[in-house]
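Listed below are the residues making up each chain.
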Amino acid sequence: MPIALWALTISAFAIGTTEFVIMGLLPEVASNLGVSLSSAGLLVTGYALGVFVGAPLVTATTGRLPRKTLLIALMVVFVIGNLACAIAPGYATLMLGRVVASFAHGAFFGVGSVVATSLVPKEKQASAIALMFTGLTVANVLGVPFGTWLGQSYGWRATFWAVTVIGVIALAATAVLVPRSQGGEEADFGKEVRVLMRPQVMLGLLMTVLGFGGVFAAFTYIAPILTDISGFPASAVSPILLLFGLGLVIGNLAGGKLADRKLMATLLGSLVMLAVVLVLFGLTNENKIASIIGVGLIGMAAFATVPPLQMRVLEKASGAPNLASSANIAAFNLGNAAGAWLGGVTIDHGPGLHAVPYVAALLPLAGIVVALLSWKMDGKPVRVPASPRTETC
């Protein structure tokens, strides 16, 4: 794979760390700032909504910039946002810093996906996207567990200082390794919006919202689930999250390889696997061994969906790759925000923390229905596949 893809991967690692690490620190943040657990969970929702708004907005207003210049500018915004989090004196300032950082997230992955696919032959495009998103998965293997440990040991602000440093390294890698030949071109925004409104594109975006809504409804509250239901001490959360990260790596790479072969079968199969894994996690998370295995399987199922979901939207949005790709990143994060909110409602006003995995599973189940409808609209025979087997590279 071209070396420029590795620059994108490093940046994805930085962004993925700041996105996910807050979930392992929710109890510490809530206690330190004097807010409820569900209010701390809104830091996930706020970040996700910032991506949802920022991804298409930034992409639409920066269409004339060369892609390398845009990627560098986005990483600068990312660094500023995380620095604001590190020095935040209270909840409101922390939320503001999270939102600032989130504005870089969606556009970076949107433009980065277009750059990634342009660097390789068509038959390797899903794998190229998967490699870039491997930065997110490695963030969960290394960045999130380390950041969780760092925050638990030295205070949550120490985690954001560390993420700021990683962001500076990612900025330098982008500046050095991404070629200038990946230039922007003047976009017809009206035309791109019309492409985005195609029924199949909209269905693809809806699948993304539902799929990742299920992931975040459960994973946002993974720390209290592991401590309050599974019975682990808080110090065990960080090493358990290593298994989640390893699952992400396996699922992401397998999803990319399988999507290069059979896109819709992989997409549908990964949603089936996600729904099944969430239900099983709810049934077994009172057992410590089963809950550890379940965390790894959730990671695997979650990121097996990413390459096929991203490729499906790009495939159906020919003529508007930048906006469509960014819109799908926004859809991922709308799902993140909705899922985190739904999990909080389930805890505060519903059956409680123990029911969160079951409620989460309802969202990918709805995504399966949408996927079947979209596949039928392709005019091809639909066969419901088994969950895609995972494979390593």
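Residues numbered from 1 in each chain as written. Predicted model: local features only at pLDDT ≥ 70, side-chain atom pairs only at ≥ 80, totals over all residues. Heavy atoms only, no water.

**Quick look at helix H14 (residues 306-316)**
Counting buried positions along H14 yields nine of eleven residues, so the element is predominantly enclosed. Every buried residue of H14 is accounted for by Val306, Pro307, Pro308, Leu309, Gln310, Met311, Arg312, Val313 and Leu314. (Buried < 20%, exposed > 50% of the residue type's maximum accessible area, 1.4 Å probe, protein only. Helix = DSSP H or I, 4+ residues; strand = E, 2+ residues; numbered from the N terminus.)

**With respect to the packing of helix H1 (residues 3-24) against helix H7 (residues 156-177)**
Where H1 contacts H7, the axes come no closer than 9 Å and their chain directions differ by 160°. Between H1 and H7, the angle falls in the class roughly antiparallel. Crossing handedness for the pair H1 and H7: left-handed. Along the contact surface, H1 presents Ile3, Ala4, Ala7, Ile10, Ser11, Phe13, Ala14, Thr17, Thr18, Val21 and Ile22, while H7 presents Thr159, Phe160, Val163, Ile166, Gly167, Ala170, Ala173, Thr174 and Leu177. (Axes fitted to C-alpha atoms, helices over the stretch in contact; angles between N-to-C directions. Parallel < 35°, antiparallel > 145°, perpendicular 65-115°, else oblique. Left-handed = near helix turned anticlockwise from the far one by under 90°. Contact = heavy atoms within 4.5 Å.)

**Some points on the packing of aromatic side chains**
Applying the stated criterion across every chain, the model contains eight aromatic pairs. Between Phe212 and Phe332, the aromatic rings sit 4.9 Å apart at their centres with planes inclined by 80°, giving edge-to-face as the arrangement. One end of the pair, Phe212, is in helix H9 (residues 199-219); the other, Phe332, is in helix H15 (residues 321-349), and 120 residues separate them in sequence. Assessed through its relative accessible area of 4%, Phe212 is described here as buried. A residue is classified by how much of its surface remains accessible, and Phe332, at 6% relative accessible area, is buried. (Phe/Tyr/Trp six-rings, centres within 6.5 Å; stacked < 30°, edge-to-face > 60°.)

**Some points on the side chain of Thr18**
For Thr18, the position within the fold is in helix H1. Setting aside residues no more than four positions away along its own chain, Thr18 makes contact with Tyr47, Phe78, Asn82, Arg98, Phe160 and Val163.

**As for the nonpolar core**
General note: in soluble globular proteins, nonpolar side chains tend to be found buried as a group. One finds Leu8 and Leu94 to be the most contacted residues of the largest nonpolar core, which totals 110 residues. Take this core: its biggest share by element is eleven residues, from helix H12 (residues 263-284). What Leu8 contacts, discounting residues up to four positions off in sequence, is Leu71, Phe108, Gly112, Val115, Ala116, Met132 and Val178. Ranked by size, the runner-up nonpolar core spans twelve residues in total, among them Val195, Val209, Val313 and Ala327. (Core = buried A, V, L, I, M, F, W, Y, C linked by side-chain atoms within 4.5 Å.)

**A few points about the pattern of salt bridges**
Applying the stated rule across the entire model yields three salt bridges. Arg312 is paired through a salt bridge with Glu315; the nearest N and O atoms lie 3.4 Å apart. Placement of both Arg312 and Glu315 in helix H14 is noted, with a separation of three residues, approximately one turn of the helix. Looking at Glu315, the relative accessible area reads 43%, which means it is partly exposed. The partner of Lys316 in a salt bridge is Asp378, and the shortest N-O contact between them spans 2.9 Å. You can see Lys316 sitting in helix H14 and its partner Asp378 sitting in the segment after helix H16 (356-377), a full 62 residues away along the chain. Its relative accessible area of 22% is what places Lys316 among the partly exposed residues. Under the relative-accessibility criterion, Asp378 is labelled partly exposed at 22%. Linked by salt bridges that have partners in common, Arg312, Glu315, Lys316 and Asp378 make up one network. (Salt bridge = Lys/Arg side-chain N within 4 Å of Asp/Glu carboxyl O.)

Remember, this is a structural readout, not a statement about activity or role.
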